[in-house]
Amino acid sequence: MTTTTSTAPLDVAVIGAGFAGIGAAIRLRQRGITNFAVFERDSEIGGTWRDNTYPGAACDIPSRLYSYSFAPNPDWSHTYSGSREILGYIESMVAETGIRPHIRLRHTVAGMAFDEQAGVWDISFEGDPEPVRARAVVLASGPLANPGYPDIPGIETFTGHTIHSARWDHDYDFTGKKVAVIGTGASAVQIVPELVRRAASVKVFQRTPGWVLPRVNRHTGALTRSVYRHVPGAETLARQAWFYGHESVALGVVWNSPLTRVVELVGRAQLRRQVKDPWLRRQLTPDFRAGCKRLLMTDDFYPALQRDNCKLITWPIARIAPDGIRTAEGIEHRADCIVYATGFQVSKTGTPIPITGRDGRVLSDEWQRGAFAYKSVTVSGYPNLFLTFGPNSGPGHNSALVYMESQIDYLVRAVGIILDRDLRIFEVRQDRQDRYNTAIQRRLDATTWNSGCQSWYLTEDGFNATMYPGFATQYRNQLREVDLGDYTLVAAEPAVRARAVSAS
Ligand code: N01
């Protein structure tokens with residue numbers, strides 16, 4: 001890829017202005033690095049929390065933990081906050097830290113290639129924006145960014161209204177409508193309780209019942225908020241309590257253990273308490289170990305399914321017809337609107353954009369059978385590139401932001417090393433990366449995620465490129481320091497650097 005640029009290279013290009021990109025930008029600035037830009041394809045910041053605005057959208061991780069420790073918010077209104085409040089938190093971080101001028105909206109990265117001579121990444125954009133060069137790149141485009149539609153015959157023939165959970169149509173009036181919801185994952189269990197209040201009828205098409213656990217959501221009163229605001233250490237203490245509470249849950253959901261039975265007992269007790277009809281209960285009973293697919297945290301999904309205007313359909317979908325959905329036993333379910341709560345196009349085998357590294361290596365080719373990286377942040381052959389939410393950094397039991405914060409602090413330290421030492425190449429050693437991934441895959445074999453169920457964590461071949469097989473504490477500890485022994489460092493030659501700057 002060749003680019004022509006009219007400005008000097010950036011020190012850092014951050015791709016994506018969601019939680020991760022914004023967090024990276026804030027920490028770069030706090031480290032004194034100011035020559036950076038954040039490129040965002042959308043016209044607004046916020047990533048997931050800008051896109052997921054469906055009714056009932058909320059986080060099922062407590063807000064005090066689903067936030068950055070470097071940007072505490074004493075004012076969370078509930079234990080588990082809604083999407084608008086989370087988006088507000090992201091926007092207020094941007095406003096308070098002064099990073100807004102660094103954000104370039106409507107910049108969709110088309111591809112990037114590493115110029116080994118100069119030690120910079122050439123980044124090109126779709127459409128008008130001028131290409132840029134950057135000494136380091138933070139890829140923070142997020143794994144759950146693009147809506148996924150199911151591969152059901154006839155899907156394009158439906159003549160009614162269609163909505164995806166991650167692209168909600170707020171202008172559509174559900175009043176009096178017959179609605180079909182496909183999917184019963186983490187998004188669907190939040191949407192259905194809201195839809196049954198508005199629509200004439202809701203049919204929920206379930207392929208696999210999940211483990212549903214209680215999510216006790218409480219309003220945080222003014223007095224408690226004032227304690228978090230004014231009592232030194234109160235906020236940190238609460239965060240720590242949530243953190244270690246979730247860490248203990250790992251014992252039951254990351255690995256099959258006697259505690260997995262306890263998690264399943266809690267799920268079964270909720271099912272027994274909330275669903276009295278034995279047949280419905282049977283249809284809602286999972287046939288895999290708790291934790292294998294994502295746990296569903298909700299108190300109102302089962303009650304919603306039992307409303308007079310709601311019906312659970314468990315027959316497989318045979319096809320979508322112009323006026324509704326036909327199931328395998330031949331029944332036509334007419335619908336005015338189909339809501340796809342069918343998740344995202346998760347790339348476990350390629351990259352979100354074409355990335356060409358050293359010696360013309362193409363990352364998508366190398367990741368064809370499954371993505372891998374070193375500590376999920378750096379990849380051998382792709383110097384000065386840093387990933388957030390990269391391969392094998394997904395948690396099954398704790399806040400994704402805890403993992404993300406560790407990645408951000410690690411990569412900011414690494415970028416600091418590149419700039420302070422004027423490095424051309426900062427590249428993880430292949431042997432370190434291989435050893436790390438062999439150990440990760442061996443450890444994954446013992447986890448619930450690899451115990452036989454199908455989920456978006458796995459490739460079609462069953463390769464797990466998504467989850468981290470351990471405690472968040474372990475993950476955090478391994479990223480606490482940048483061990484220079486893991487990396488090949490090559491200093492910039494002043495003449496080459498000067499040529500690169502003057503050519504750009
Ligand atoms: O998507 P999913 P999601 N026919 O992929 C079903 C995050 N999240 O948007 O289980 C029929 O989990 C599919 O069925 P099955 C979180 O990380 C976080 O709900 O594959 N059904 C499943 O029921 C989560 O993991 C929050 O058999 C079909 C559903 O569609 C991730 O987003 C809240 C089908 C898809 O479930 C994705 O969750 C919400 C077909 N052909 C989401 N194809 C928080 O609170 C698919 N399905 C933080």
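The paragraphs below set out a description of the structure included in this document.

Cut-offs used in this document
Residues numbered from 1 in each chain as written. Predicted model: local features only at pLDDT ≥ 70, side-chain atom pairs only at ≥ 80, totals over all residues. Heavy atoms only, no water. Helix = DSSP H or I, 4+ residues; strand = E, 2+ residues; numbered from the N terminus. Rg over C-alpha atoms; globule rule 2.2 N^0.38 Å. Buried < 20%, exposed > 50% of the residue type's maximum accessible area, 1.4 Å probe, protein only. Contact = heavy atoms within 4.5 Å. Areas by Shrake-Rupley, 256 points an atom, 1.4 Å probe, with all protein chains shown as cover. Lys, Arg positive; Asp, Glu negative; His and termini not counted. Charge placed at Lys NZ, Arg CZ, Asp CG, Glu CD. Pairing = 2+ DSSP bridges. Axes fitted to C-alpha atoms, helices over the stretch in contact; angles between N-to-C directions. Expected span 1.5 Å × (residues − 1). Disulfide = S-S within 2.5 Å. Near = heavy atom within 4 Å. Domains from an automatic or database assignment. Polar contact = N/O pair within 3.5 Å; in protein donor to acceptor, adjacent residues only side chain to side chain. Salt bridge = Lys/Arg side-chain N within 4 Å of Asp/Glu carboxyl O.

## Some points on the overall build of the chain
Helix and strand counts for the chain come out as 14 helices and 20 strands. Relative to its length of 504 residues, the chain is compact, with a C-alpha radius of gyration of 24 Å against a globular reference of 23 Å. Residues counted as buried form 56% of the 504 residues belonging to the chain. Considering only contacts within the chain whose residues lie at least 6 apart along the sequence, 73% involve residues at least 24 apart. With the model as given, the accessible surface of the chain reaches about 21,600 Å², and the carbon-plus-sulfur share is 51%. One way to put it: in the chain the 56 positive side-chain charges average out to a point 6 Å from where the 51 negative ones average out.

## Let's talk about the sheet that holds strand β14 (residues 324-327)
Pairing is antiparallel in the open sheet, where three strands are placed in the order β13-β14-β15. Each edge of the sheet is formed by a strand with only one pairing partner; in this case those strands are β13 (317-321) and β15 (332-334). On average, adjacent strands in this sheet sit at an angle of 25° to one another, irrespective of strand direction. Note: β14 against β15, three bridges, orientation antiparallel. Looking at β15, one finds that arginine 326 is bridged to glutamate 332.

## Brief notes about unusual backbone geometry
Unusually for a residue other than glycine, arginine 106 sits at a positive phi of about 55°. Tracing the sequence through the fold places arginine 106 in the loop between β3 (103-104) and β4 (109-115). Accessibility expressed as a relative area gives 57% for arginine 106, which makes it exposed. A positive phi angle is found at serine 376, which is not glycine, with a value near 70°. Judged by its relative accessible area of 1%, serine 376 falls in the buried class.

## Let's talk about the sheet that holds strand β7 (residues 161-164)
What links the strands of a sheet is backbone hydrogen bonding, and the strands pair in either a parallel or an antiparallel sense. Spatially, five strands are ordered β7-β16-β8-β9-β12 in an open sheet, and the strand pairing comes out parallel. Looking at strand neighbours, the two that pair on one side only are β7 and β12 (310-313), the edges of this open sheet. The mean inter-strand angle of the sheet, taken between neighbouring strand axes irrespective of direction, is 20°. Relative to β12, strand β9 (residues 201-205) runs parallel, the two sharing four bridges.

## Thoughts on helix α1 (residues 19-30)
The end-to-end C-alpha distance of α1 is 17 Å, a good match for the 16 Å that twelve residues give at a rise of 1.5 Å each. The element α1 is extensively covered by neighbouring structure, given that nine of its twelve residues are classed as buried. Taken as a whole, α1 has its buried residues at Phe19, Ala20, Gly21, Ile22, Gly23, Ala24, Ala25, Ile26 and Leu28. Immediately downstream of α1, the backbone of glycine 32 shows phi near 90°, a positive value.

## Here's the deal with the state of the cysteines
With the rule as written, the count across this model stands at one disulfide. What pairs with cysteine 292 in a disulfide is cysteine 453, and their sulfur atoms sit 2.1 Å apart. Around the S-S axis, the bridge from cysteine 292 to cysteine 453 shows a dihedral of about -105° and counts as left-handed. Of this pair, cysteine 292 sits in the loop between α8 (278-283) and β11 (296-297) while cysteine 453 sits in the loop between α12 (430-444) and α13 (472-478), and the two are 161 residues apart along the sequence. In this pair, the class of cysteine 292 matches that of cysteine 453, namely buried. Here cysteine 337 is not cross-linked by a disulfide; its sulfur's nearest cysteine counterpart is in cysteine 310, at 14 Å. For cysteine 337, a relative accessible area of 0% gives the class buried.

## Focus on the environment of alanine 290
By secondary structure assignment, the location of alanine 290 is in the loop between α8 and β11. Measuring from C-alpha to C-alpha, the distance between alanine 290 and tryptophan 255 comes to 9.6 Å, with 35 residues separating the pair along the chain.

## Some remarks on the site of the ligand
Within the structure, the ligand sits among 23 residues, and Asp60, Ser187, Thr208, Lys293 and Arg294 are positioned closest to it. For the ligand, the accessible surface in isolation is 910 Å², of which the surrounding protein chains cover 82%. The residues that make up the shell around the ligand include at least three from each of domain 1 (10-145 + 345-429 + 466-499) and domain 2 (161-221 + 228-340).

## Some details on the side chain of glutamine 190
Within the secondary structure, glutamine 190 sits in helix α4 (residues 188-198). On the accessibility criterion, glutamine 190 (11% relative accessible area) is buried. Among the polar contacts made by the side chain of glutamine 190, one reaches the side chain of tyrosine 54 at a distance of 2.5 Å. If near-sequence neighbours (up to four positions away) are discounted, glutamine 190 is found in contact with Tyr54, Pro55, Gly56, Ala57 and Ala58.

## Overview of the pattern of salt bridges
For the coordinates displayed, the defined rule picks out 23 salt bridges. Linking aspartate 420 and arginine 31 is a salt bridge whose minimum nitrogen-to-oxygen distance equals 2.8 Å. One end of the pair, aspartate 420, is in helix α11 (residues 400-420); the other, arginine 31, is in the loop between α1 and β2 (36-39), and 389 residues separate them in sequence. A salt bridge links arginine 50 to aspartate 51, with the shortest nitrogen-to-oxygen separation between them at 2.9 Å. In this pair, the class of arginine 50 matches that of aspartate 51, namely buried. Put simply, Glu40, Asp42, Arg50, Asp51 and Arg167 are held in one network by salt bridges that share partners.

Remember, this is a structural readout, not a statement about activity or role.
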